[in-house]
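Chain by chain, the residues:
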Amino acid sequence: MSIQTIGIIGAGTMGNGIAQACATAGLRAIMVDISEAALQKGLATISGSLERLVKKEKISAADKDAALSRIQTSTQYDALQQAQLVIEAATENYDIKVKILQQVDKLVGPEVILASNTSSISITQLAAVTGRPDKFIGMHFFNPVPVMALVEIIRGVQTSDATHDAVHALARQLGKSPITVKNAPGFVVNRILVPMINEAFFVLAEGLATPEDIDAGMRLGCNHPIGPLALADMIGLDVCLAVMEVYLKEFGDSKYRPCQLLKELVAAGHLGRKTGRGVYHY
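Residues numbered from 1 in each chain as written. Predicted model: local features only at pLDDT ≥ 70, side-chain atom pairs only at ≥ 80, totals over all residues. Heavy atoms only, no water.

## Some points on the nonpolar core
Link 1 in the chain: Among the nonpolar cores identified, the biggest contains 34 residues, and Ile 6, Ile 18, Leu 85, Ile 87, Met 139, Phe 141 and Leu 170 are the most heavily contacted of them.
Link 2 in the chain: With six residues, the top contributor of residues to this core is helix 1 (residues 13–24).
Link 3 in the chain: Membership of the second largest hydrophobic core comes to 23 residues, among which are Leu 80, Ala 83, Val 104 and Val 181. (Core = buried A, V, L, I, M, F, W, Y, C linked by side-chain atoms within 4.5 Å. Buried < 20%, exposed > 50% of the residue type's maximum accessible area, 1.4 Å probe, protein only. Helix = DSSP H or I, 4+ residues; strand = E, 2+ residues; numbered from the N terminus.)

Following this line, the structure appears as structure tokens:
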């Protein structure tokens, strides 16, 4: 199956990053969101990202213009009928994802592959709510999408070999390095990463060290490029909390209980970079 046009549901951090990756690889991207304001903000983010690449002389101004010309936006799901693959990149909430996927499933042709960018929700479970479970797969990009090479390709129980192979090939076409994993809460990377971040919040809550020293310790002692608390601010504290809550529910193991400090910060609306305040101020 030749994938030339990719639909992306969501113009936020992940959605616009996926759209940029597709467009710079020479593919058409159709970015859909519920509001025109969200779409314009997403396009502005892409334009700014591409402009930084122009200034660094990694791409030309003509390359930037060509990439932007390959991105179409719409507030209507009908626009996705042109796509061979639709990637859902909405909020990390099961009910929201189900509602979106069922709407898209009814609109697009039976040959179209549906993918979710979920970082923790069961691909098998999401596939089951569609009429094409064999053509459903997880395609988990990492933030920032244009920079990060990894894509987790997650196979649900129902995912066909043809679907897997087509999406794996697409990830390569986007210049990514895909890994194939089985369906399980958090898959591989976040299964290890988010509990580590949660533990960093426990360390902070217990007053063992300052946020700066916790992050410096992990950077210098474990060779991490960014500390866990700064990374949590980048990911979004609400996303980290949602993932931990999925683990606690799915595994039923108390080791996955979210730190109370993390819950308090989210309740206060201190979600990280996107709100200007998380563990750190921005």
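## Notes on the environment of Ile 18
Link 1 in the chain: Inspection of the secondary structure assignment puts Ile 18 in helix 1.
Link 2 in the chain: A relative accessible area of 0% means that Ile 18 is categorised as buried.
Link 3 in the chain: Each C-alpha atom, one on Ile 18 and one on Ile 8, is 7.5 Å from the other, the two residues being 10 residues apart in sequence.
Link 4 in the chain: Discounting chain neighbours no more than four positions away, the residues touching Ile 18 are Ile 8, Ile 87, Ala 89, Asn 117, Phe 141 and Val 145. (Contact = heavy atoms within 4.5 Å.)

## A look at the state of the cysteines
Link 1 in the chain: One pass over the structure, following the stated rule, counts zero disulfides.
Link 2 in the chain: No disulfide involves Cys 222; its sulfur sits 18 Å from that of Cys 240, the nearest cysteine.
Link 3 in the chain: What makes Cys 240 buried here is its relative accessible area of 2%. (Disulfide = S-S within 2.5 Å.)

## Comments concerning the UniProt feature "domain: 3-hydroxyacyl-CoA dehydrogenase NAD binding" (unreviewed entry) in the protein chain
Link 1 in the chain: Under the feature "domain: 3-hydroxyacyl-CoA dehydrogenase NAD binding" (unreviewed entry), the UniProt entry names residues 5–183.
Link 2 in the chain: Helix makes up 41% of residues 5–183 and strand 22%, whereas the separation of the span's terminal C-alpha atoms amounts to 26 Å. (UniProt positions renumbered as here; feature names shortened; annotations may be inferred.)

## Considerations on the environment of Val 181
Link 1 in the chain: You can see Val 181 is positioned in strand 8 (residues 177–182).
Link 2 in the chain: Judged by relative accessible area, Val 181 falls into the buried class, the value being 7%.
Link 3 in the chain: Filtering out sequence-adjacent residues up to four positions away, Val 181 remains in contact with Glu 152, Ile 153, Ile 154, Arg 155, Phe 187 and Val 188.

## Looking at the side chain of Asp 233
Link 1 in the chain: In this structure, Asp 233 sits in helix 9 (residues 228–235).
Link 2 in the chain: Summary of buried charges: Asp 233 has no salt-bridge partner, and the nearest side chain of opposite charge, Arg 273, is 6.6 Å away.
Link 3 in the chain: Separated by 2.9 Å, the side chain of Asp 233 and the backbone nitrogen of Val 279 make a polar contact.
Link 4 in the chain: There is a polar contact of 3.0 Å between the side chain of Asp 233 and the backbone nitrogen of Tyr 280.
Link 5 in the chain: With residues up to four places along the chain from it excluded, the contact list for Asp 233 reads Leu 271, Gly 272, Arg 273, Gly 278, Val 279, Tyr 280 and Tyr 282. (Lys, Arg positive; Asp, Glu negative; His and termini not counted. Salt bridge = Lys/Arg side-chain N within 4 Å of Asp/Glu carboxyl O. Polar contact = N/O pair within 3.5 Å; in protein donor to acceptor, adjacent residues only side chain to side chain.)

## Let's talk about the pattern of salt bridges
Link 1 in the chain: Inspection of every chain in the model, using the stated rule, returns seven salt bridges.
Link 2 in the chain: Two residues, Glu 88 and Lys 97, come together in a salt bridge whose shortest N-O distance is 2.5 Å.
Link 3 in the chain: Via salt bridges that share partners, Glu 88, Glu 92 and Lys 97 belong to a single interconnected network.

## As for the side chain of Ser 119
Link 1 in the chain: In this fold, Ser 119 is placed in the loop between strand 5 (113–116) and helix 5 (123–128).
Link 2 in the chain: The exposure class of Ser 119 is buried, given its relative accessible area of 9%.
Link 3 in the chain: With near-sequence residues (within four places) excluded, Ser 119 lies in contact with Glu 92, His 140, Gly 186, Phe 187, Asn 190 and Val 243.

## Quick look at the pairing of strand 4 (residues 85–88)
Each regular strand carries side chains that alternate between the two faces of the sheet.
Link 1 in the chain: Across the two faces of strand 4 the burial is the same, with Leu 85 and Ile 87 and Val 86 and Glu 88 all buried.
Link 2 in the chain: Judged from the four bridges that link them, strand 1 (residues 5–9) and strand 4 form a sheet pairing that is parallel. Within strand 4, the residue paired with Ile 8 across the bridge is Ile 87.
Link 3 in the chain: Bridge count between strand 4 and strand 5: four bridges; the pairing is parallel. Looking at the pairing, Ile 87 lines up with Ala 115 of strand 5.
Link 4 in the chain: Tracing the backbone out of strand 4, into helix 4 (residues 94–107) and back to the parallel element strand 5 gives a crossover that is right-handed. (Pairing = 2+ DSSP bridges. Right-handed = clockwise from strand over helix to strand, strands pointing away.)

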